Amino acid sequence: MSTILALAPMAGITDQVFRRLCFEWGCSAATTEMVSAQGFLTAPRDRNAYRFLLERLPEEGDLSVQLFGSDPLYFARAAAELEALGRYTGIDINMGCPAQKVVGGQSGSALMKDPALAGKIVESVKKAVSLPVTVKMRLGWDDAHKNAVSFARLLEQSGADGLTVHGRTRMQQYSGKADWPAIGEVKAAVKIPVVANGDVTDGSSALECLRVTGCDGLAVGRGALGRPWVFGEIRAALEGRPWEAPPFSLAVDTALRQAREMAAWKGEKSALLEMRKHFSWYTFGRRGAARVRTEINRAASFAEVEALLRALCDDSGGKKAETGENIP
Ligand SMILES: Cc1cc2nc3c(=O)[nH]c(=O)nc-3n(C[C@H](O)[C@H](O)[C@H](O)COP(=O)(O)O)c2cc1C
């Protein structure tokens, strides 16, 4: 089986436009932003928030839809309805989100504190759909409760077809370093495919993470922000090919393309707001970028943004940072 090279789901970021860019650069699988199972079932069907979360482009590759919640019945009904849309190649269940508003509802990583419920959720989704069902999880709730190995075994017994393991606990949120050896313990404990996640930002960290964890693949999140070509870099490393970091002009072209596609999809006003963070990631490390970002945040049209970015491109002084430091 070839190495899975996935874009990790990131709410507010990994929409269809950004995902397509990542697929073009060699990502082999992606997941939608997380969607509330209950919210999806109860919201009016034409509500834009859900429409945007659930749409996909035909050019995208394998795409799982990710659900969060805590009620096995809502999960099953939402998964069945989403499968019926015929858009997705899998259903992914969020058991890793650390956000208070999610864990407060016993969802996301809070499910790692209730393995019996987590197992029931997987069983009930498995019964409801024929698509593969995967789970995204962490190492446990906190240092004193690192139950990833027994939790993964239980999910496997409950019917999960694959796991993505983020090598941190809930209490760590995104701090500290991802514990790759601990992900390796999960991989060794189950027979289903395990994808390693956390702190893979370039070709060398990808190779090292695969070596340490022995996993079937990698999921890259923050390392892809403002650099969808990280998947090209990792592919090159996996295949032993040399890789040359793209010039800053490509970052600008890609940012502008993403902005245009987002504007065609959601309208220029929304796109301008949503693209601010992406512009900041695309220009990270470029000399003069901080000033330009402030101006971009005041810009009223993409024409203005384009002029600002092109000027930054012409300024030959700076060099684009090509490491994974551009993390929120
Ligand atoms: C802004 C942001 C949003 C995220 N949203 C989700 C989400 O919707 N579902 C999910 O399973 N994980 C989510 N994550 C976690 C990432 O998928 C990933 O597990 C984490 O960022 C660690 O991987 P990385 O070091 O490659 O970024 C999010 C992370 C960030 C930074």
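Rules and cut-offs
Residues numbered from 1 in each chain as written. Predicted model: local features only at pLDDT ≥ 70, side-chain atom pairs only at ≥ 80, totals over all residues. Heavy atoms only, no water. Near = heavy atom within 4 Å. Polar contact = N/O pair within 3.5 Å; in protein donor to acceptor, adjacent residues only side chain to side chain. Areas by Shrake-Rupley, 256 points an atom, 1.4 Å probe, with all protein chains shown as cover. Nonpolar A, V, L, I, M, F, W, Y, C, P; charged D, E, K, R; others polar. Core = buried A, V, L, I, M, F, W, Y, C linked by side-chain atoms within 4.5 Å. Buried < 20%, exposed > 50% of the residue type's maximum accessible area, 1.4 Å probe, protein only. Helix = DSSP H or I, 4+ residues; strand = E, 2+ residues; numbered from the N terminus. Domains from an automatic or database assignment. Contact = heavy atoms within 4.5 Å. Axes fitted to C-alpha atoms, helices over the stretch in contact; angles between N-to-C directions. Parallel < 35°, antiparallel > 145°, perpendicular 65-115°, else oblique. Left-handed = near helix turned anticlockwise from the far one by under 90°. Pairing = 2+ DSSP bridges. Right-handed = clockwise from strand over helix to strand, strands pointing away.

### As for the site of the ligand
Step number 1: Neighbouring the ligand are 17 residues, the closest being Pro-9, Gln-66, Asn-197, Asp-199 and Arg-222.
Step number 2: Within the side chain of Gln-66, an N or O atom sits 2.8 Å from a nitrogen atom of the ligand.
Step number 3: Contacts to the ligand include His-166, whose side-chain N or O atom sits 3.5 Å from an oxygen atom.
Step number 4: Alone, the ligand offers 620 Å² of accessible surface; in the complex the protein occludes 90% of this.
Step number 5: Tallied by class, the residues present in the shell around the ligand amount to eight nonpolar, six polar and three charged.

### Thoughts on the nonpolar core
Step number 1: Met-137, Leu-155 and Leu-163 are the most contacted members of the largest nonpolar core, which has 97 residues in total.
Step number 2: Considering every element that reaches this core, the biggest residue donor is helix α11 (residues 248-266), with nine residues.
Step number 3: When residues of this core are sorted by domain, at least three fall in each of domain 1 (4-238) and domain 2 (248-314).
Step number 4: Filtering out sequence-adjacent residues up to four positions away, Met-137 remains in contact with Met-95, Gly-96, Met-112, Ala-148, Phe-151, Ala-152, Leu-155, Leu-163, Thr-164, Val-165 and His-166.

### Some remarks on the environment of Phe-68
Step number 1: Residue placement: Phe-68 occurs in strand β4 (residues 62-68).
Step number 2: Considering only alpha carbons, one finds Phe-68 and Met-171, 103 residues apart in sequence, at a separation of 19 Å.
Step number 3: Not counting chain neighbours up to four residues away, the residues in contact with Phe-68 comprise Met-34, Val-35, Ser-36, Ala-37, Phe-75, Asn-94, Val-102 and Ser-107.

### Observations regarding the packing of helix α6 (residues 115-128) against helix α7 (residues 148-158)
Step number 1: Axis separation between α6 and α7 bottoms out at 8 Å; the angle between their running directions is 30°. Relative to α7, the element α6 lies roughly parallel. As α6 packs across α7, the resulting crossing turns out to be right-handed. Residues Pro-115, Ala-118, Gly-119, Val-122, Glu-123 and Lys-126 of α6 pack against Phe-151, Leu-154, Leu-155 and Ser-158 of α7.
Step number 2: Considered class by class, the residues forming the contact of α6 with α7 number six nonpolar, two polar and two charged.

### Notes on unusual backbone geometry
Step number 1: The backbone phi angle of Gln-173 is positive, close to 55°, even though this residue is not glycine.
Step number 2: For Gln-173, the position within the fold is in the loop between β7 (162-166) and α8 (180-189).
Step number 3: Positive phi, normally seen in glycine, also occurs at Asp-199, with a value near 70°.
Step number 4: Considering the arrangement of structural elements, one finds Asp-199 in the loop between β8 (194-197) and α9 (203-213).

### Brief notes about the pairing of β4
Step number 1: With respect to burial, β4 is a largely interior element, six of its seven residues being buried.
Step number 2: Alignment of strand β2 (residues 29-31) against β4, held across three bridges, turns out to be parallel. Residue pairing for β4: Ala-30 is matched across the bridge by Leu-63.
Step number 3: Here strand β3 (residues 35-36) pairs with β4 via two bridges, running parallel. From the neighbouring strand, Val-35 faces β4, where its bridge partner is Leu-67.
Step number 4: As judged from the four bridges shared by β4 and strand β5 (residues 90-95), these two strands associate in the parallel manner. Of the residues in β5, the one forming a bridge with Leu-67 is Ile-93.
Step number 5: Assessed by its sense of winding, the connection that carries the chain from β4 through helix α4 (residues 72-84) to β5 is right-handed.

### Some remarks on the packing of α11 against helix α14 (residues 302-314)
Step number 1: Where α11 meets α14, the closest approach of the two axes is 9 Å, and the angle between their N-to-C directions is 170°. Judged on the interaxial angle alone, α14 and α11 are roughly antiparallel. Here α11 contributes Phe-248, Ser-249, Val-252, Asp-253, Leu-256, Ala-259 and Ala-263 to the contact with α14, which in turn contributes Phe-302, Glu-306, Leu-309, Arg-310, Leu-312 and Cys-313.
Step number 2: Here the contact of α11 with α14 is built from residues that sort into nine nonpolar, one polar and three charged.

Take it as geometry only, folks, not as evidence of what the structure does.
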